[in-house]
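Breakdown of the fold
Take a look at the letters that make up each chain.
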Amino acid sequence: GNYLRPSIRAAGLDPDACIDPNARIPIKASDALLVRAAALIPDEAWGLTAARCWHPGNLGVLGHAWLASSTLRTALTRLTRYWRILGDRAATRISDTGDGLRFTYVIAAKDPVVEAVLADCVLSIVLDMCRTNAGETLQPLRASLRRAAPVNPEPWTRFFGCHMDFGATDNSLILARSDADRVLPTSNRPLAGILDGLLTEQLAKLSRADVVSRCKAEFLEQLASGKPSAEDIAQRLHMSG
């Protein structure tokens, strides 16, 4: 709402850019906003409310591909494969365990408050997206958070609907294999294939943009010590000339 706009501006961000799925928000600015919000909001579990104001469509093409996925395993694989489209700050992994399919959110944040809030936000959104496809009754087998155990863990237990591990080594969810591999009623393989093509193009454009940025940075650095050549820059970037 409009009451958030002053806080967003105070963090050095454009409120309108924050609702653009294609916008890239600087880490320093987004962290400042999270720290400011955490100081103003008395509810320690406020990050979980992110799922209430989120929909896969907010992720653009990736969100629509999620909705068309044949299983939750496919959806989570797709999310992990194209995660970099959403940002460079964090990463996601999926792996099979003895119990089921584990989805892990990997975030490197210097401030533990920032990591705790981001983990709450991302895992609650991902679980809500899973429930959008598979049904509201979906519950993970267990959920893990690196944050220290809160004074009142009930909001987390109520939202995730499973055993919670606080102070864990990672931020993750484990879905039962039967839930992860059940064919979803929202499955649309032809549409998902078309959207995968668009996502691959988006990822390729990001990669090309990264190469251009890295070349510019390397050129400026080398310029200080002489006239750099294309071969010198390629060698420094571990690329062919």
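Everything in this summary refers to the structure shown in the same document. Remember, predicted model here, so these are calculated numbers, not experimental data. Counting of residues starts from 1 at the beginning of each chain's written sequence and follows it residue by residue. Since the coordinates come from a predicted model, pLDDT governs what is reported: local features require at least 70, and pairs of side-chain atoms require 80 or more to be given and counted, while whole-chain, interface and lining totals use all residues. To obtain the side-chain values, all non-hydrogen atoms of the structure were used and water was disregarded.

**Section: helix α4 (residues 72–81)**
For the record, the criterion: Relative accessibility thresholds used throughout: buried, under 20% of the residue-type maximum; exposed, over 50%; partly exposed, between the two (1.4 Å probe, protein chains only). For helices the rule is a DSSP run of H or I covering at least 4 residues; for strands it is a run of E covering at least 2, with both sets numbered from the N terminus onward. The directions from the helix axis to the C-beta atoms form the arc being described. Throughout this description, a polar contact denotes any pair of N or O atoms lying within 3.5 Å of each other; where both atoms belong to protein, one of them has to be capable of donating a hydrogen while the other can accept it, and for residues adjacent in sequence the pair is counted only when both atoms sit in side chains.
Among the residues making up α4, those that are buried are L72, A75, L76, R78 and L79. The arc enclosing the buried residues of α4, seen along the axis, measures out at 155 degrees, which places them on a common side. With a side-chain oxygen positioned 3.4 Å from the backbone nitrogen of R73, the residue opening α4 is T71.

**A closer look at the environment of C121**
For the record, the criterion: For this analysis, residues touch if any pair of their heavy atoms sits within 4.5 Å.
Topologically, C121 is positioned in helix α5 (residues 112–134). Its relative accessible area of 16% is what places C121 among the buried residues. Distance in space between the C-alpha atoms of C121 and G47 is 4.8 Å, their sequence separation being 74 residues. Apart from residues no more than four positions distant in its own chain, C121 is found in contact with G47 and A50.

**Section: the packing of aromatic side chains**
How we decide: Only Phe, Tyr and Trp rings take part, Trp by its six-membered ring, and two of them pair if their centres are within 6.5 Å. Stacked means planes under 30 degrees apart, edge-to-face means over 60, and tilted covers everything else.
Overall, the coordinates contain three aromatic pairs when judged by the stated rule. Ring centres of W83 and Y105 lie 6.1 Å apart, and the angle between their planes is 65 degrees; this geometry places the pair in the edge-to-face category. Placement of the pair is W83 in the loop between α4 and β1 (90–96) and Y105 in strand β2 (residues 100–107), with a sequence separation of 22 residues. Among the residues examined, W83 registers a relative accessible area of 12% and is labelled buried. Residue classification places Y105 among the buried residues on the basis of a relative accessible area of 5%.

**Digging into the pattern of salt bridges**
Put simply, the rule is: Salt bridge criterion: a side-chain nitrogen from Lys or Arg within 4 Å of a carboxyl oxygen from Asp or Glu.
According to the stated counting rule, one finds twelve salt bridges in the structure shown. One salt bridge in this structure joins E44 and R147, with 3.4 Å as the shortest N-O distance. A residue pair is termed long-range when its members are at least 10 positions apart, and E44 in the loop between α2 (27–40) and α3 (61–68) and R147 in the loop between β3 (142–145) and α6 (154–160) qualify at 103 residues. Since its relative accessible area comes to 41%, E44 is described here as partly exposed. Residue class for R147 comes out buried when judged on its relative accessible area of 12%. Between D120 and R147 there is a salt bridge whose closest N-O contact spans 2.8 Å. Here R147 lies in the loop between β3 and α6 and D120 lies in helix α5, a separation of 27 residues in the sequence. The network of salt bridges with common partners includes R73, D96, R177 and D181.

**Comments concerning the sheet that holds β1**
Hydrogen bonds between backbone atoms are what pair the strands of a sheet, whose relative direction is either parallel or antiparallel. Filter applied, for reference: Strand pairing requires that DSSP identify at least two bridges connecting the strands. Only the stretch in contact is used when a helix axis is fitted, and all axes are lines through C-alpha atoms; the angle between N-to-C directions ranges over 0 to 180 degrees.
The strand order β1-β2-β5-β3-β4 describes an open sheet built from five strands, whose pairing is mixed. For this open sheet the edge positions go to β1 and β4 (163–166), each flanked by a neighbour on one side alone. Neighbour to neighbour, the strand axes of the sheet diverge by 15 degrees on average, direction disregarded. Two elements, β2 and strand β5 (residues 171–176), share six bridges in a ladder whose sense is antiparallel. Bridge pairing in β5 places R102 opposite I174. Those strands touched by α4 are β1, β2 and β5, and its axis lies near 145 degrees from that of β1. Of the strands in this sheet, β2, β3 and β5 touch α5, which is tilted by about 145 degrees from β2.

**Details of the environment of R84**
By the secondary structure assignment, R84 is in the loop between α4 and β1. Taking the relative accessible area as the measure of exposure, R84 reaches 27% and is therefore partly exposed.

**Here's the deal with the side chain of D128**
Rule in force here: Only four residue types enter the tally: Lys and Arg on the positive side, Asp and Glu on the negative side; His and the chain ends are excluded.
On the secondary structure map, D128 appears in helix α5. Within the buried core, D128 has no salt-bridge partner, and the shortest N-O distance to an opposite charge, that of R131, equals 5.7 Å. Not counting residues up to four positions away in its chain, the partners in contact with D128 are A51 and W54.

**Examining the nonpolar core**
Convention followed: Among buried residues, the Ala, Val, Leu, Ile, Met, Phe, Trp, Tyr and Cys ones that are joined through side-chain atoms within 4.5 Å form a nonpolar core.
Of all hydrophobic cores here, the largest spans 50 residues; its most connected members are L76, Y105, C130 and F160. In terms of residue count, α5 provides more of this core than any other element does, twelve residues in total. Other than its neighbours up to four places away in sequence, C130 contacts W66, L72, L76, G135, L138 and L175.

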